[in-house]
Amino acid sequence: MIRHLIKLNWNRKRTNFLMIAEIFFSFLVLFGVCTAVANFYNNYKKPIGFDYKNVWLMNAYAHETPDAEKRQRLEQMVQRIKALPEVEHVALGSDNGPYTRNTWTTTLSKGNIEIAANLVYAQHDAFKDVLKLNMVDGRWFEEGDASSNQNPVIITQDAKQKLFGDEPAVGKKIQIGKSDAEPEGTDQLVIGVVEAYKPGGELDSEAASYFVRTSLADTSEAAHAGVFIRVKDDTNPSFEEQLLKESASVAPGWTLNIRPLEDLRRVYLKEVLLPFIALFIICGFLILNVALGLFGVLWQSINKRYSEIGLRRALGASESSIYRQFLGEVLVLASFGLILGCFFAVQFPLLGVLDLPAQVYTLGIVIAVLLIYSLVILCALYPSRQAAAIHPATALHEE
């Protein structure tokens, strides 16, 4: 039966070429959308490593202020904010915080293994408490670590897995900034491992990151500091005005900008999801056109083969056999387009396009194939039922 259906569709390949091409291109578009969805889901189910709720990020821009003076004023600002009753924790850190779309990328290496990693400066030990980072091994920074000659660092779990595998990382050394200009890099001692830190948010891929604690006397990063503030749950939004006044009293003439991480997250989600929603709408219109075209082709095929159907019924073919034949023809027709589409789709994981995990591409292919088959079956149900309902006497009489 299957061989007969394949031969039947192959003999009509010129007639069915446009429909096969539509199914082929529809599959490719669906494959792209489904792969994006699968990648979003794969990223979303992984922990982001921090808690963005009730966290505000204040950027302070000093105009023509020496770095040493700015560091001093920032420290005074932290102490003033820390004394406010609405504040739970406050810490200075680099301005490449969560959802800021600002990253400082360098390399981490151990032996012949080298990975790209996001650098995060933590100028206060409370940085962990502000973002509620989850330690899985070792410890967080202490006061003396900023001036330690061992250059202590804390890395994320995914960085640890890439560099050390299943071996423990705490107490071992890695190199930072290894390059052609500096082939040896800078030795750093791993003192702790955090679960994760995805500054790009839930939908971004897991990114290796590492934390460095800098001394308050170090002014080299003063121009890139952000004030991270965790407020209490019942804090009124009007507290932002008081916070700005307290900060401005310490740093007059500075430009202060406060943004809750929840607001930054909403902006981030819009930027990420809007292009995807636009693609989804375009894909929907394409699939609708394919469905209408397929429905029309089936309807025309039934009208052209009216006498054939009547003759088969007169020779004893049942309604169910006619129904299965037309349904099978459509599935075989769809299979031609899907086989060609899958051939191109499997090239993505084989060639490592977009650097996505192979299982993401596989899931995208499977979902796209199932959606195409479901669409084809849905479009074929009514025409096939109409063909099966043709009475032999009526068909032969009209012929």
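Conventions we followed
- Residues numbered from 1 in each chain as written.
- Predicted model: local features only at pLDDT ≥ 70, side-chain atom pairs only at ≥ 80, totals over all residues.
- Heavy atoms only, no water.
- Helix = DSSP H or I, 4+ residues; strand = E, 2+ residues; numbered from the N terminus.
- Buried < 20%, exposed > 50% of the residue type's maximum accessible area, 1.4 Å probe, protein only.
- Contact = heavy atoms within 4.5 Å.
- Areas by Shrake-Rupley, 256 points an atom, 1.4 Å probe, with all protein chains shown as cover.
- Phe/Tyr/Trp six-rings, centres within 6.5 Å; stacked < 30°, edge-to-face > 60°.
- Patch = residues over 30% accessible without salt bridge, like charges linked within 9 Å, V, L, I, M, F, W, Y side chains within 5 Å.
- Salt bridge = Lys/Arg side-chain N within 4 Å of Asp/Glu carboxyl O.
- Axes fitted to C-alpha atoms, helices over the stretch in contact; angles between N-to-C directions.
- Left-handed = near helix turned anticlockwise from the far one by under 90°.
- Core = buried A, V, L, I, M, F, W, Y, C linked by side-chain atoms within 4.5 Å.

A. The overall build of the chain, seen in detail. Each helix and strand in the chain was counted, giving 12 helices and 11 strands. Considering the chain as a whole, with its 399 residues, one finds that 46% of them fall into the buried category. Here the analysis covers contacts within the chain between residues at least 6 apart in sequence; of these, 80% occur between residues at least 24 apart. Summed over its atoms, the accessible surface of the chain is roughly 20,500 Å², and 58% of this surface lies on carbon and sulfur atoms.

B. Seen up close, the packing of aromatic side chains. Using the criterion set out here, one finds 19 aromatic pairs in the structure. Measuring from centroid to centroid gives 5.7 Å for W104 and Y121, while their planes differ by 65°, and the two rings are edge-to-face. Within this pair, whereas W104 is found in the loop between β2 (87-94) and β3 (105-110), its partner Y121 is found in strand β4 (residues 113-122), the two being separated by 17 residues in sequence. We classify W104 as buried; its relative accessible area is 18%. Judged by relative accessible area, which is 15%, Y121 ranks as buried.

C. Broad picture of a nonpolar patch on the surface. Where nonpolar side chains cluster on the molecular surface, the patch consists of L274, I277, I281, F285, L288 and L292 and spans about 620 Å² of accessible area. Note that L288 resides in helix α7 (residues 261-304).

D. Looking closely at the packing of helix α3 (residues 67-82) against helix α6 (residues 239-250). Where α3 contacts α6, the two axes come as close as 9 Å, and the packing angle between them is 145°. By crossing handedness, the relation of α3 to α6 is classed as right-handed. Of α6, the residues touching α3 (which contributes R73, Q76, M77, R80 and I81) are L243, E246, S247, S249 and V250.

E. The arrangement of unusual backbone geometry in detail. Within the chain, N54 stands out as a residue other than glycine whose phi angle is a positive 65°. Within the secondary structure, N54 is located in the loop between α2 (13-44) and β1 (55-61). The phi dihedral of K132 falls on the positive side, at around 55°, and the residue is not glycine. In this structure, K132 sits in the loop between α4 (127-131) and β5 (135-138).

F. Seen up close, the nonpolar core. Counting 58 residues, the largest nonpolar core has F27, F127, L133, W140 and F211 as the members making the most contacts within it. Counting only elements with at least two residues in this core, the list comes to α2, β1, β4, α4, β8 (186-194), α7, α9 (319-345) and α11 (358-388). The leading source of residues in this core is α7, at 10 residues. If we skip the residues at most four places from it in the chain, L133 touches G49, F50, F127, K128, W140, V194, Y197 and F211.

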